[in-house]
Every structure is written in structure tokens, then in C-alpha cells.
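# Tertiary structure, described
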Amino acid sequence: MKFIRQKLWITLLMVNVASILGGSGSPQTRIPDVHYEPTPQLIVEELLKMAEVNRNDIVYDLGCGDGRFVITAAKKYGARGMGIDIDPKRIKESIHKARIAGVMDRVKFIEGDLFETDIREATLVALYLLPELNMQLRPKLLKELKPGTRVISHEFDMYDWQPDKMGRLGRNKYYFWVVPTDVAGKWCWSLSSAKGEEQFTLTLAQKFQEIDGKIKTPVQTVSALEAYLIGSQIGFLLRYRPPGLVVEMRYRGQVNGNTINGTVEVNAGPFAGKHKWTAKR
Ligand SMILES: C[S@@+](CC[C@H](N)C(=O)[O-])C[C@H]1O[C@@H](n2cnc3c(N)ncnc32)[C@H](O)[C@@H]1O
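Within every chain, residues take consecutive numbers counted from 1 along the sequence as written. Only residues with pLDDT of at least 70 are given local features in this predicted model, and only at 80 or more are side-chain atom pairs given and counted; all residues enter the totals for whole chains, interfaces and linings.

### Topic: the overall build of the protein
For helices the rule is a DSSP run of H or I covering at least 4 residues; for strands it is a run of E covering at least 2, with both sets numbered from the N terminus onward. When you go through the protein residue by residue, the secondary structure sums to five helices and 16 strands. Note on burial: count the other C-beta atoms lying within 10 Å of the residue's C-beta; 20 or more is buried, 12 or fewer is exposed, in between is partly exposed, and C-beta positions come from the backbone. Counting only residues that meet the buried cut, the protein has 31% of its 281 residues in that class. A pair of residues counts as a contact when their C-beta atoms, built from backbone coordinates, are within 7 Å of each other. Here the contacts in the protein between residues at least 6 apart in sequence split such that 49% fall between residues at least 24 apart.

Here it is as C-alpha cells:
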């Protein structure tokens, strides 16, 4: 009886050690969330073109497979990049291909879990995962990536985070987003004319990059027209009607925390001309 119990313990111990150490003796990470299937090279090229990748970019591929997004971005556009994959075979393969492509000075590949990787330095993130993984990853992308960072995905979208651009090539679909900054709330500014200072208030509702605004002018409250948010660039048209006039104000600015700095171009009335614009939340 004692002998049987001892044997059982030894067997359990061996199973545990085997599950901690992979066949090669290196620590084994957890099972991949999605199996390996490479994005066709043509789609890689299309997606990088859509994202306007350039030499200033740091491209992250989360679940990089054989590293083709990162290697192509480095070789063709001079970008730097990082590939992360949970499967050590893929990392070996990526490094081998990067050497052949002569881009080892600009790229890195690391074995790891994409959900636990620090992605803050990325300026472009490439994905080819699964719909549910995109959804699981979405809060991390929106929290950790800087506003203006681009995200591209082969095949799968981000549910109600609408893409800024999308494309299709044969049976392959692909998507592009720009990470938006937070702009929801009440923004105030004043404009000065010969008559004195006049106050404006913009109340913005936001769903990802989609914004909807109401503007209180000295004369009336109107909806913001042609409103856009691209990363931290914001713009809208304010059209209102003081007596005998149609005033159009074209606002464009850069959001930085609770401040927007930019310009406003006004067609007519006491504010006609182009001015600096600063709004505070
Ligand atoms: C469909 S392949 C895409 C490969 C490459 N991005 C491409 O588009 O050609 C998905 C890759 O994600 C890797 N993967 C799966 N789960 C992962 C995880 N949690 N962390 C990092 N990589 C993972 C797989 O090993 C596989 O190589």
C-alpha cells in the first residue's frame, strides 16, 4: 500500500515537472488562444498601405506568427517593430525570416502572452486573431495605446467600435481604426470682437471616435456639424443665425487632456477672420 502511494506521488511529480517544462526543457507558456494561420502576404501589404506605415512607426503584431507584418513594415517602409507570440516555434521562425530579410537591427520578437505584453510604445498594432479575442483585447488597446495609434486587423472587426476604414480582397476582409482620445463633456471658450467677449459652450457625447455635440452660442443652441475625432484631432462646423446673418465657424484643434488648442475660421459677422482657439473642459 505504502509502495503504491509512493509511486503515485512520483508519477504526479513527473507530470507536473513535464507540464512546467516544455519538451525542449524551456518553460512552457499557456495554450495559444488561436492557432497559427498566416495572413496572405498580399493582405499584409494592403493593410500596411491602408495604415500609411512609415519609418517613424513602431509596429506591434500581437500573435505575430512568422513575423510577416513586422518584417514587411521594416523591410519595405523602414519601420521598427515587435512581434509577440506565445508559441516559441513561431518566434524562432520570425527571427530566422528577419535575418534573411536583413532587418534584425529594427525588429524584435519575443515569446509571450499578448494580453500581458506592454504595448504602450506601439504606433501601429496588427492583429489576426478571432472576434472574441479582439473584444477581449479592445479595453487594453483603448487604455494603453496613445491616442492616434492605428490598429489594423485581418478578417475580424471590433464589434461596435466601427472601423475608420475597411477593405476586401477576394474573400479576405480587413479593418483599420485610430485610437481616439477622450473628449466627452462640456468645453467652454470665448471669442472677442469689437463688441467684447462672447461665450460658447460645446457639450460632447462620445462613442469611440463618433462624437455628437450641441453648441450654445450667444444667440442660439445648435448641433455641431461635420464633427470628427481622429486620435486627438477634433473638428466641427458651427453654423448659427444672429439677426440678418448666417455665421459659419470652422473649428479645428488638438485635444490635450482638458484643453483644446487650434484655430477657428469665421466667414462673417463680428468675428470674421481666422483666429487662435482655446477651449477648456
Ligand atoms: C492566426 S495567427 C496570425 C499570425 C500573424 N499575425 C499573421 O497575421 O500572419 C495567430 C497567432 O497568434 C498566436 N497566439 C495565440 N494566442 C496567443 C497569445 N495569448 N499570446 C500571444 N500569441 C498568441 C498563435 O501562436 C499564432 O501564431
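The structure having been displayed, the exposition proceeds.
### Brief notes about the site of the ligand
Near the ligand, the surroundings consist of 23 residues, among which Pro32, Thr39, Gly63, Gly65 and Tyr128 are the closest. Only α3 (68–77) and β2 (80–85) provide two or more residues apiece to the shell around the ligand. Residues are grouped as follows: Ala, Val, Leu, Ile, Met, Phe, Trp, Tyr, Cys and Pro are nonpolar; Asp, Glu, Lys and Arg are charged; every other residue, Gly included, is polar. For the shell around the ligand, the class distribution of residues is eleven nonpolar, four polar and eight charged. Placing the C-beta atom from the backbone, one calls a residue near a molecule or strand if that atom lies within 6 Å of it.

### Quick look at the environment of Asp66
Position of Asp66 relative to the elements: it lies in the loop between β1 (58–62) and α3. The exposure class assigned to Asp66 is buried, which follows from the 22 C-beta atoms found within 10 Å. Separated by 28 residues in the primary sequence, Asp66 and Pro38 have C-alpha atoms spaced 7.4 Å apart. Among residues more than four places away in sequence, those in contact with Asp66 are Pro38, Arg90, Glu93, Ser94 and Lys97.

### Points about the nonpolar core
Among the nonpolar cores identified, the biggest contains 42 residues, and Leu47, Val59, Val70, Ala73, Val125 and Ala126 are the most heavily contacted of them. Looking at this core element by element, the count peaks at five residues for α3. Not counting residues within four places of it along the chain, the set of residues in contact with Val125 comprises Tyr60, Leu62, Ile119, Leu141, Leu145, Thr149 and Val151. Of all hydrophobic cores here, the second largest spans 19 residues; its members include Leu202, Leu238, Val255 and Val264. Nonpolar cores are built from buried Ala, Val, Leu, Ile, Met, Phe, Trp, Tyr and Cys residues. These are joined into a set through C-beta atoms within 7 Å.

### Considering the environment of Thr259
Position of Thr259 among the secondary structure elements: in strand β15 (residues 259–266). When sequence neighbours within four positions are dropped, the list of residues in contact with Thr259 reads Thr278 and Lys280.

### Remarks on the sheet that holds strand β5 (residues 150–154)
Here seven strands make up an open sheet; going across it, the order is β3-β2-β1-β4-β5-β7-β6 and the pairing mixed. The open sheet has two edge strands with one neighbour each: β3 (107–111) and β6 (165–169). Going across the sheet, the axis of each strand differs from the next one's by a mean of 15°, ignoring polarity. Only when DSSP finds a minimum of two bridges between them are two strands counted as paired. Summarising the sheet, β5 and strand β7 (residues 172–178) pair through five bridges and their orientation is antiparallel. All axes here are fitted lines through C-alpha atoms, helices being fitted over the stretch that makes contact, and every angle between N-to-C directions spans 0 to 180 degrees.

### Considerations on the packing of helix α2 (residues 41–50) against α3
Running from amino to carboxyl end, α2 crosses α3 at an angle of 60°, the nearest separation of the two axes being 10 Å. Between α2 and α3, the crossing angle belongs to the class labelled oblique. The interaxial crossing formed by α2 with α3 has right-handed handedness. Residues Gln41, Val44, Glu45 and Leu48 of α2 form the contact with α3, whose own contacting residues are Arg68, Phe69, Thr72, Ala73 and Tyr77. What sets the label is the angle itself: under 35 degrees gives roughly parallel, over 145 gives roughly antiparallel, 65 to 115 gives roughly perpendicular, and the rest give oblique. With the far helix as reference, a near helix turned anticlockwise by less than a right angle produces a left-handed crossing, and one turned clockwise produces a right-handed crossing.

### What to know about helix α5 (residues 131–144)
Any helix carries an expected span of 1.5 Å times its number of residues minus one. For α5, with 14 residues, the first-to-last C-alpha span of 20 Å sits near the 20 Å given by 1.5 Å per residue. The bend at a residue is defined as the angle formed between two axes, one fitted to the seven residues ending at that residue and one fitted to the seven starting there. Most pronounced at Leu137, the bend in α5 amounts to some 40°, and the proline Pro139 follows within four residues. For α5, the full list of buried residues reads Asn134, Leu137 and Leu141. Taken together, the buried residues of α5 touch β4 (124–127) and β5.

### Focus: helix α4 (residues 88–101)
Taking 1.5 Å of rise per residue, the 14 residues of α4 would be expected to cover 20 Å, and the 20 Å separating its terminal C-alpha atoms lies within 8% of that figure. Regarding α4, the residues found buried are Arg90, Ile91, Ser94 and Ala98. Looking down the long axis of α4, one finds its buried residues gathered within 100° of arc, a one-sided arrangement. In α4, those exposed residues whose orientation departs by more than 90 degrees from the buried face are Lys89, Arg99 and Ile100. Here, the arc refers to the directions that run from the helix axis to the C-beta atoms.

### Overview of the environment of Val70
Within the fold, Val70 resides in helix α3. For the pair Val70 and Lys108, spaced 38 residues apart in the sequence, the C-alpha separation amounts to 8.8 Å.

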